[in-house]
Every structure is written in structure tokens, then in C-alpha cells.
Amino acid sequence: MPLISLHNISLSFGVQPLLDGVDLHIEPGERICLLGRNGAGKSTLLHILHGAVPPDGGEIIRQQGLTTAALPQAVPGNLTGSVFDAVAGTRPIESDDPQAKPAWRIEEVITRMGLNPNQVVSDLSAGLKRRVLLARALVQSPDLLLLDEPTNHLDIEAIAWLETELQQYARSLLFVSHDRTFLENLATRIIELDRGRLTSWPGDYPTYLERKSAALATETRHRERFEQKLAEEETWIRQGVKARRTRNEGRVRALMRMREERRAWRDRLGTVRMRVQEAERTGKLVIEADRISYAWEKTPVFRDFSTLIVRGDKIGVIGPNGCGKTTLLKVLLKEMPPEVDGIRHGLRLRVAYFDQMREQLDEDRSVADNIAEGNDRLTVDGKPRHVISYLKDFLFTPDRARSPVRTLSGGERNRLLLARLFAKPSNVLVLDEPTNDLDMETLELLEELLLRYAGTLILVSHDRTFLNNVVTGIFAFEGDGRIGEYVGGYDDWLRQRPAPAPDGPPKKPAGASKNSAPKPKPRTQKLGFKEKRELAALPEQIESLEAEQVQLHNTLSDPDFYRRPGEEIAGVKDRLTALEVELEAAYERWEALEATQG
């Protein structure tokens with residue numbers, strides 16, 4: 001039985017319906033990725049599933065007692081208190097309530113999200129607040145978890161941890177994401193929202209791409225035949241009296257129906273047309289760094305870094321959030337001075353810089369004024385062009401082009417920054433997190449453009465597929481101020497990087513800091529003989545349960561498994577749910593025995 005079913009759901013905010021007869025069934029244990037262009041209604045559909053937005057029409061059937069938790073794309077303004085309190089929410093902590101979550105579990109998620117449990121939420125940036133909301137959704141462990149772009153503002157290490165966490169999630173998941181590696185590693189089914197209709201595509205992402213391409217080709221052929229037939233009938237009806245004879249009334253009515261059908265068509269959203277204006281070529285040398293270092297309040301950001309960037313290089317910069325990637329870009333561009341000057345630039349550098357924080361945009365000025373500085377025209381490829389026409393290439397309507405920047409969505413802001421970036425000739429592109437909030441089609445077009453770019457590219461990104469497809473070298477922040485230099489893309493870096501320290505014996509889950517939440521005082525008495533034996537056996541027991549959990553997840557991820565009898569499928573899902581309860585109990589017992597042991 002589905003956890004939730006949508007039947008013929010409709011919703012409109014303007015002339016065109018955002019959702020037009022949408023049907024969706026979500027089964028227990030599914031991991032579904034929702035795709036669609038920017039503005040297609042993906043976030044709205046998640047709001048409907050969460051119960052936050054009522055549809056105009058249709059029916060929603062929820063399984064009795066269904067619980068949902070959601071990560072919204074927009075950050076609400078009512079987040080207060082400490083990070084720990086915001087993540088814990090209204091959930092009881094370490095009580096007799098079966099829904100209670102131990103403090104170590106809350107702090108484990110907080111740590112993995114790169115957050116400080118004692119920090120005040122209202123002091124955080126919008127990106128860090130989204131991490132708080134993601135942590136709260138994960139801690140709740142609902143029957144249906146709804147995530148809207150969960151990888152935005154996460155570094156690669158946090159994204160990898162989130163993948164593992166969600167792969168082991170025993171309940172159902174529906175997520176929106178443009179991160180193709182994340183999608184491929186997680187999704188057991190893909191659904192797509194296109195022109196108000198929802199289509200389900202069983203299988204993985206490459207299968208979806210193949211079937212989607214075939215479906216679009218079929219739609220194009222059908223429309224071409226329809227247009228030809230309609231043109232023939234319009235020519236016939238203009239013959240006048242002959243077309244209005246009684247015996248032809250059926251043909252006239254059929255033409256009327258064809259006209260109605262044609263008017264009801266919704267054309268696909270246009271494709272962004274991006275083109276980089278390339279300046280004259282630089283010399284062979286672009287940037288040379290000789291043993292440069294930079295420190296922030298005596299804390300080293302990087303030290304003794306040397307590199308040679310030559311014309312045509314495409315460099316990816318990776319590392320944890322806050323490690324100094326943006327600082328490195330600014331030092332290399334001579335916008336921030338290193339401790340000892342060791343930066344040399346080549347000849348004829350014309351740099352175009354994409355700012356992660358979007359500080360280049362004036363919030364109060366219109367989209368058009370941010371591009372053309374108040375002028376009606378700008379020069380593109382040496383020819384004058386009207387700014388409204390140029391912005392149409394980036395999917396801005398004339399009304400949207402005259403709107404202030406503060407009204408734009410995240411995806412629109414990124415498109416505006418790209419439009420601004422490509423409006424001027426360059427031979428060095430420096431892009432700091434350009435992929436956030438871009439839909440899949442625009443992201444793939446940006447990839448193609450960068451691959452064709454004849455200049456030099458320096459790119460900061462946490463998108464592993466994007467890095468693999470675009471860059472030819474990697475600068476990796478490796479801790480202690482070290483930056484390693486590697487040939488190839490992200491997967492090549494994985495193969496070349498220093499081997500991580502071997503795993504030791506199973507460790508106690510991440511403990512809570514003493515100041516973050518009140519904990520029961522540990523008992524002072526010592527463990528008895530039986531309790532010591534139980535404590536010694538728990539790590540092996542937990543490893544065994546986790547191994548079984550991974551095995552069952554692999555079983556459920558196999559499409560052929562669902563051809564087996566229904567009783568067998570239900571049995572595996574029930575066992576997976578029971579395993580989660582057993583694991584949580586084992587971890588809590590482990591923590592309690594270790595606290596007693598002191």
C-alpha cells in the first residue's frame with residue numbers, strides 16, 4: 001500500500017497551471033528523485049506532499065499516521081535558539097519516549113553538517129541555516145523525507161556522508177537535486193515535472209536520459225504530423241461553401257477540436273543560449289605562484305604553495321567548506337596579498353569572475369541595469385545588441401528583465417550572473433560555485449560551453465560529475481595548510497590522493513559536547529561481570545547488524561527483486577525497519593555502558 005497517493009492534482013498561480021492533473025504514488029522504501037526545469041513547480045509539489053500547500057483540485061490519500069519532514073529551498077525567518085536546539089526541535093532527548101533521539105545522534109548529524117551546536121542560529125548565513133534545517137529533517141527520521149536541493153552549500157565530504165546516510169535510510173525519500181552523482185548513487189526511480197504533468201521513469205539516471213530523449217523525439221514527430229494535418233484542414237475550410245455542406249459537418253467539428261487541442265499545447269521552456277566572448281589570447285604563462293602562504297588571524301589558510309597555470313588549463317579547486325578555496329582564488333588573482341609576494345601574471349589577462357556570494361549584483365537595481373549599467377544596449381561579439389534581447393537568451397522575459405534583483409529566485413540569480421559574466425570578453429574564467437540552483441539542462445549546457453572555451457578556467461565546485469566532465473587538474477586542500485596538485489578530474493584525484501588512515505576498531509558514535517544539552521549524570525558504580533561482557537560484545541553485534549542492513553539495502557536497490565512474491569518483499573522491508581530499531585537500541589546501550597564504566 002502506498003504511503004501517499006496524489007490523484008489528478010491541479011494548482012495554478014497564473015494563466016498556465018503549475019500542476020495539471022498530476023498523479024503520484026510513493027511506496028515504502030522508495031528513493032525518488034524529482035527533476036524539472038527551474039520554475040516548473042518542483043518545490044510546490046514537495047509543499048503539497050508535506051501538507052504545507054493545499055491543491056486547487058484533486059485527491060490526496062495518506063497512510064494513517066504518516067509522518068513527513070521537509071528541507072525547504074527557502075530559509076524561514078523564525079529559526080531561533082542554538083543550533084543544537086534548532087536541530088532537536090520538539091523531539092524529546094534521552095527520555096522514556098520511544099520517539100526520543102539520543103544527544104549523540106543529534107550532535108553526530110550536526111558535526112557531519114559542519115555546524116557548531118552552541119552557535120546562535122540567527123547569526124548564521126542563509127547557507128548554514130539550510131544545513132541546520134537539513135540536520136533537523138534527518139534527525140526526525142520520518143516515514144517520508146522530502147529534500148529540496150539538499151547538496152547546496154555542502155562540501156564534497158558532507159555530500160558523501162549524506163549519500164551514505166540516505167542509502168541506509170529505511171523509510172521513503174523524495175528529493176530534488178541537480179547533483180548527478182548524488183542522483184545516480186541514490187535514486188531508485190526518477191520522476192519529472194514538465195509543463196504541469198508528472199512522468200515516472202523507472203531505473204537509473206542514464207536510463208532516464210535515454211528514454212526521455214526517445215519520448216521527446218516521439219512527441220516532436222507527433223506534433224509535426226498534427227501541424228501538417230491542421231494546416232491541410234485549415235486550407236480546406238477556407239474553400240467556403242464546399243466545406244459547409246451537410247455531409248462535411250463532421251469534418252468541421254473535427255477541425256474545431258484540433259484547434260482546441262492546439263491551443264491547449266504547452267511548449268517546452270526555452271533553452272539558455274550561452275556563449276563566452278573570448279578576448280585575445282594570453283601568453284603561454286597565465287599565473288605562476290612561488291611558495292605563497294596566507295594566514296587568517298595567525299591561522300594558516302595555506303602555506304608554501306607553488307603552481308604554474310598555463311593557457312588552456314582547466315583547474316578544479318576542492319576542499320571542505322571554510323578551508324580557504326575562495327581566498328586562494330583571490331590571492332591568485334592578486335585581489336588579496338599573500339604573506340610574501342610570489343604571484344606572477346602573464347600578459348594580456350582579461351579575467352571574468354563568478355562570485356559565489358553574488359556580491360556583484362545590486363539588489364535594488366533591475367536585472368537589465370545589472371547587465372548594461374542603465375544602458376539599453378551592450379556590445380556582444382563586437383556588435384550592439386538590446387539588453388532585453390540578450391537577457392532572453394538566459395530565459396528572462398521582458399517583465400522579469402525589468403524586475404529588481406531582490407525578487408529573483410536562486411536559479412535566476414545564477415543565470416543573471418552567468419549573463420553578466422559572458423557579456424564581456426575574457427580569456428581567464430574564474431568560477432566560484434557556479435552550479436548551485438541551476439537546473440539540469442542549464443548545467444549541462446554550461447559544461448559544454450566550458451569544454452569549448454579556449455581560455456583558462458579556474459573552478460571551485462562540489463559537483464563531482466561537473467568536475468569530472470570539465471577540469472583537467474585539481475588543487476585539493478588537504479589540511480594543515482597543504483594544497484595538493486593532481487592531474488585529471490575528481491575521480492582521478494580519488495585514485496591519486498594519499499591513502500586515508502586505516503580504520504581502527506569500531507568507535508563510539510560522535511559524542512555530544514558537554515555544554516550543548518543536559519545529559520543524565522553517569523552512574524558511579526562499576527560494571528558487573530555480565531555488563532563488561534555485554535560491552536565487549538556490542539561493537540561486533542553492531543557491525544553484524546550494520547552489515548545486514550547494507551545487504552538488505554542492496555537487495556532493495558535491485559529492480560529484479562520486485563518481481564518476487566509480495567510476501568517476500570514485505571518481509572525484507574519489515575526486517576529493514578526492525579534493524580533500524582535494533583541498531584539504535586544497541587548504540588544507546590553501548591553509550592550507557594561506557595558512561596557507567598567512566
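These remarks concern the structure in this document.

Calculation criteria
- Residues numbered from 1 in each chain as written.
- Predicted model: local features only at pLDDT ≥ 70, side-chain atom pairs only at ≥ 80, totals over all residues.
- Heavy atoms only, no water.
- Pairing = 2+ DSSP bridges.
- Helix = DSSP H or I, 4+ residues; strand = E, 2+ residues; numbered from the N terminus.
- Axes fitted to C-alpha atoms, helices over the stretch in contact; angles between N-to-C directions.
- Contact = heavy atoms within 4.5 Å.
- Phe/Tyr/Trp six-rings, centres within 6.5 Å; stacked < 30°, edge-to-face > 60°.
- Buried < 20%, exposed > 50% of the residue type's maximum accessible area, 1.4 Å probe, protein only.
- Lys NZ or Arg CZ within 6 Å of the ring centre and 35° of its normal.

**Structural notes on the sheet that holds strand E4 (residues 57-62)**
- The strand order across the open sheet built from three strands is E2-E1-E4, with neighbouring strands paired in antiparallel fashion. Pairing within the sheet leaves two strands with one partner each, and these edge strands are strand E2 (17-26) and E4. Here the average twist between neighbouring strands, direction ignored, is 15 degrees.

**Description of the sheet that holds strand E9 (residues 197-202)**
- Across the sheet, which stays open at both edges, the six strands sit in the order E5-E6-E7-E3-E8-E9 with mixed pairing between neighbours. With one partner strand each, in any of the chains shown, strand E5 (68-71) and E9 form the two edges of the open sheet. Averaged over all pairs of adjacent strands, the angle between their axes in this sheet comes to 20 degrees, without regard to strand direction.
- Lying over the sheet, helix H1 (residues 42-50) contacts strand E3 (31-35), E5, strand E6 (144-148), strand E7 (172-176), strand E8 (189-194) and E9, oriented at roughly 155 degrees with respect to E6.
- Relative to the sheet, helix H4 (residues 126-140) contacts E5 and E6, its axis offset from that of E5 by approximately 160 degrees.

**Observations concerning the packing of aromatic side chains**
- Under the definition given, this model contains six aromatic pairs.
- Here Phe 175 and Phe 182 contribute two aromatic rings whose centre-to-centre distance is 5.5 Å and whose plane-to-plane angle is 85 degrees, an arrangement assigned as edge-to-face.
- You can call Phe 175 buried: its relative accessible area is 0%.
- Given the relative accessible area of 0%, Phe 182 is considered buried.
- Arg 415 extends its terminal NZ or CZ atom over the ring of Phe 396, reaching a point 5.2 Å from the ring centre.

**Topic: the environment of Ile 159**
- Along the polypeptide, Ile 159 turns up in helix H5 (residues 156-167).
- The exposure class of Ile 159 is buried, given its relative accessible area of 1%.
- Separated by 20 residues in sequence, Ile 159 and Asp 179 place their C-alpha atoms 9.8 Å apart.
- The residues contacting Ile 159, other than those within four sequence positions of it, are Thr 151, Leu 154, Asp 179, Phe 182, His 462 and Arg 464.

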